[in-house]
Amino acid sequence: FRTLRWAWRLGYLSAIAGVAYIGYGIYEDRHPEPQTEPDPTKKTLVILGTGWGSVSLLKRLDTENYNVIVISPRNYFLFTPLLPSCTTGTIEHRSIMEPIRTILRSKKASVRFYEAEASSIDPDRKVVRIFDNSEVKGDMTETEVPYDMLVVGVGAENATFGIPGVREHSCFLKEIGDAQRIRKRIMDCVETAAFKDQSPEEINRLMHMVVVGGGPTGVEFAGELQDFFEEDIKKLVPEISDRFRVTLIEALPNVLPSFSKQLIEYTESTFKEEKINIHTKTMVKKVTDKTVEAVATRPDGTKETIVFPYGLLVWATGNAVRPVVQDLMSRVPAQKNSRRGLAVNEYLVVQGARDIWAVGDCAVAGYAPTAQVASQEGNFLARLFNNMARTEALESKIAELSGSLNIQPGNTAEISREIEEYERQLRRIKDVKPFHYSHQGSLAYIGSEKAVADVTWFNGNVAAAGGLTYLFWRSAYISMCFSTRNRLLVINDWLKSKLFGRDLSRE
Ligand code: FAD
Ligand code: NAI
């Protein structure tokens, strides 16, 4: 009983500490300290993008050391790991967005933000050309921003491999607008299938949801879609429920190629139970407004063309290089052989360019294009830039003190001691090790409250799958959410969809 009493007291105290911590976090966000103005005499550091790489850099950067300017067409940070859940309304889209203005307001020295897209970078003149691509336009819509240092963190766009019809007819899943479009389209298909006197063939087509790409994006989306159907659509629109089908098409022999073999098998068998059709070794060649044409390789090696009629088509076949990055690559001869993005060295410096660094999906550093890599790269650059600023400050102090040695001969010993101390600090901070990525593991939701995880544990790899892994997936993503506000909103959304079901309204 004594142990129980102590455990209860400990739990009670931890709960109070937790609530106090959250409360303090909220209070701090709502009452930020006054900011110092940007100092134009300092070096201008321009950061492109407000994604994982750029925001991780901003979070840790001592902005008082630079004149910082952020440029992005998106004035918010998006927590992409929970984006598939927005396509079915399990999570509302605003719950995983964090306004960049809130992020910048928490910095010690203020940072300028321009909502604009960078169209080109001139590495010789050290300027970025930007334009306003939003709906509301002022007199000025295009201009140049000069930089002393530039970080490119513009991410990647959707790969289509030039396959005809993909851009015109399919939905992607990269941005918040994509998730909203998919959510609307699912309900449009359902309501159109339920339209009076709709033919059985047309109902079959409309209720067929096709996903191309068996990477983590395609798999997570297929799982979310099947949940939506099983838990909500089936109950509320029963007349068409036996026609609903999800098909996942993958060119390689299996889905989730980056996960371990047993997790691939677990995912494929779970999909079979969930009645998600998987077509592996099937390469999509053409898309029309109502069909997907693919070539499948049979076990005996022969080929077969399959036509899939669809109501909703989601295209998730990975990343392609953005035009602004392609343009920069064409201007730097050292980037001639790079295909998948900006080749960077171990300090994330763009090879062949002066004072340009790249992070995240647009950089080729030898790692997978994931949020985990992008955020570690952003953190690394923040450390590097903070160190560079401190190095410069110490070097100028040493130069100043060395100059005064001749003017104040009486204080020589004291000044020499000071110089030595500064030199010691300088040696310590100057020694920045190259970027090293530390892989924490991979997680993916596969539907039916199951997840798969390849987690790094004491230098080894642990593969886990199932319901407990799903709880781990949820707690990991809650802890990784950008802010306390995001965390509370996501928990609220999960509770809401569990208690009341997902919202089937189309808007
Ligand atoms: P992004 O986060 O894409 O940010 C790019 C930024 O640049 C955006 O703000 C964009 O608006 C801006 N931008 C674009 N063009 C320009 C321009 N011309 N000028 C200026 N700014 C520009 N990874 C994981 O590790 N775990 C996961 O669970 C996971 N889940 C994912 C789920 C989905 C649905 C998707 C699509 C991806 C997922 N990823 C996940 C991958 C991860 O989101 C990316 O690797 C990560 O976003 C890359 O970060 P980034 O900063 O390079 O680019
Ligand atoms: P991906 O590149 O991982 O997978 C795309 C898949 O599409 C490939 O398996 C490819 O074989 C297939 N494909 C390409 N062309 C095809 C065609 N014509 N027909 C049929 N299949 C075709 O892309 P994805 O899933 O968008 O992920 C992008 C990045 O984001 C990856 O690095 C991934 O690890 C990361 N990510 C991580 C998540 C997680 O950890 N939970 C979730 C989502 C993305």
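In this report, we go over the structure that sits alongside the text. Predicted model, so just to flag it, every value in this text is computed and none were measured.

**Re the site of ligand 2**
Neighbouring ligand 2 are 24 residues; Thr 217, Glu 250, Val 284, Pro 369 and Leu 443 lie closest to it. Within the complex, the protein chains bury 78% of what would otherwise be the 840 Å² of accessible surface of ligand 2. Listed by contribution, the elements that provide at least two residues to the shell around ligand 2 are helix H8 (216–236) and strand E14 (282–287). For the shell around ligand 2, the per-class residue count stands at 14 nonpolar, 8 polar and 2 charged.

**Considering the site of ligand 1**
Not every one of the 30 residues close to ligand 1 is listed here, only the nearest: Gly 53, Thr 80, Ala 118, Asp 361 and Tyr 477. Gly 53 is positioned such that a nitrogen or oxygen atom in its backbone is 2.8 Å from an oxygen atom of ligand 1. Separating an oxygen atom of ligand 1 from a side-chain N or O atom of Arg 74 is a distance of 3.5 Å. For ligand 1, the protein covers 90% of the area, taking 990 Å² as the surface of the free molecule. Taken together, the elements giving at least two residues each to the shell around ligand 1 come down to helix H2 (52–60), strand E2 (67–72), strand E6 (117–122) and helix H11 (371–407). The biggest single contributor to the shell around ligand 1 is H11, with 3 residues. Within the shell around ligand 1, the residues separate by chemical class into 13 nonpolar, 12 polar and 5 charged.

**Side note on the side chain of Ser 110**
With respect to the element layout, Ser 110 can be found in the loop between helix H4 (100–105) and strand E5 (112–115). The exposure class assigned to Ser 110 is buried, which follows from its relative accessible area of 14%. In this structure Ser 110 touches Gln 35, Thr 36, Glu 37 and Pro 38, once residues within four positions along its chain are discounted.

**Things to note about the packing of H11 against helix H12 (residues 412–430)**
Packed helix pairs are specified by the crossing angle of their axes together with the interaxial distance, meaning the distance between the axes. The N-to-C vectors of H11 and H12 enclose an angle of 160°; their axes lie 9 Å apart at closest approach. Judged on the interaxial angle alone, H12 and H11 are roughly antiparallel. Between H11 and H12 lies a crossing whose hand is left-handed. Each of Asn 387, Arg 390, Thr 391, Leu 394, Glu 395, Lys 397, Ile 398, Leu 401, Ser 402, Ser 404 and Leu 405 in H11 lies in contact with H12, whose residues at this interface are Thr 412, Ile 415, Ser 416, Glu 418, Ile 419, Tyr 422, Glu 423, Gln 425, Leu 426, Ile 429 and Lys 430.

**Describing a nonpolar patch on the surface**
Where nonpolar side chains cluster on the molecular surface, the patch consists of Trp 8, Tyr 12, Leu 13 and Ile 16 and spans about 480 Å² of accessible area. Relative to the assigned elements, Leu 13 resides in helix H1 (residues 2–30). Classification of Leu 13 as exposed rests on a relative accessible area of 55%.

**Some details on H2**
Burial runs high along H2: 7 of the 9 residues are buried. Every buried residue of H2 is listed here: Trp 52, Gly 53, Ser 54, Val 55, Ser 56, Leu 57 and Leu 58. For H2, the secondary structure elements touched by its buried residues are strand E1 (44–48), E2, strand E3 (76–78), H4, strand E9 (149–152) and H11.

**Some remarks on the nonpolar core**
Formed by 123 residues in total, the largest nonpolar core has its most connected members in Leu 48, Leu 82, Ile 96, Ile 121, Val 152, Leu 381 and Phe 385. Here Leu 82 is in contact with Ile 91, Ile 96, Trp 473, Tyr 477, Cys 481, Val 490 and Trp 494, once residues within four sequence places are set aside. Formed by 16 residues, the second largest nonpolar core is a distinct cluster that contains Ile 249, Val 292, Ala 296 and Tyr 310.

**Examining the sheet that holds strand E13 (residues 276–279)**
Pairing between the strands of a sheet is mediated by backbone hydrogen bonds and can be parallel or antiparallel. Pairing is parallel in the open sheet, where 4 strands are placed in the order E13-E12-E11-E17. Looking at which strands have only one partner, the edges of the open sheet turn out to be E13 and strand E17 (312–315). On average, adjacent strands in this sheet sit at an angle of 15° to one another, irrespective of strand direction. Contacting strand E11 (208–212), strand E12 (245–249), E13 and E17, H8 crosses the sheet at an angle of about 175° to E12.

**Some thoughts on the environment of His 279**
Assignment of secondary structure puts His 279 in strand E13. Considered as a pair, His 279 and Glu 250 are 29 residues apart in the sequence and their alpha carbons are 6.2 Å apart. Among all residues touching His 279, those that are not within four sequence positions of it are Thr 247, Leu 248, Ile 249, Glu 250, Ile 306 and Phe 308.

**What to know about the side chain of Asp 454**
Along the chain, Asp 454 falls in strand E23 (residues 450–457). Buried and unpaired, Asp 454 has Lys 261 as its nearest opposite-charge partner, separated by 13 Å. A polar side-chain atom of Asp 454 sits 2.9 Å from the main-chain amide nitrogen of Ser 260. When sequence neighbours within four positions are dropped, the list of residues in contact with Asp 454 reads Ser 258, Phe 259, Ser 260, Leu 263, Gly 441, Ser 442, Asn 461, Val 462 and Ala 463.

Conventions adopted
- Residues numbered from 1 in each chain as written.
- Chains lettered and ligands numbered in written order.
- Predicted model: local features only at pLDDT ≥ 70, side-chain atom pairs only at ≥ 80, totals over all residues.
- Heavy atoms only, no water.
- Near = heavy atom within 4 Å.
- Areas by Shrake-Rupley, 256 points an atom, 1.4 Å probe, with all protein chains shown as cover.
- Helix = DSSP H or I, 4+ residues; strand = E, 2+ residues; numbered from the N terminus.
- Nonpolar A, V, L, I, M, F, W, Y, C, P; charged D, E, K, R; others polar.
- Polar contact = N/O pair within 3.5 Å; in protein donor to acceptor, adjacent residues only side chain to side chain.
- Buried < 20%, exposed > 50% of the residue type's maximum accessible area, 1.4 Å probe, protein only.
- Contact = heavy atoms within 4.5 Å.
- Axes fitted to C-alpha atoms, helices over the stretch in contact; angles between N-to-C directions.
- Parallel < 35°, antiparallel > 145°, perpendicular 65-115°, else oblique.
- Left-handed = near helix turned anticlockwise from the far one by under 90°.
- Patch = residues over 30% accessible without salt bridge, like charges linked within 9 Å, V, L, I, M, F, W, Y side chains within 5 Å.
- Salt bridge = Lys/Arg side-chain N within 4 Å of Asp/Glu carboxyl O.
- Core = buried A, V, L, I, M, F, W, Y, C linked by side-chain atoms within 4.5 Å.
- Pairing = 2+ DSSP bridges.
- Lys, Arg positive; Asp, Glu negative; His and termini not counted.

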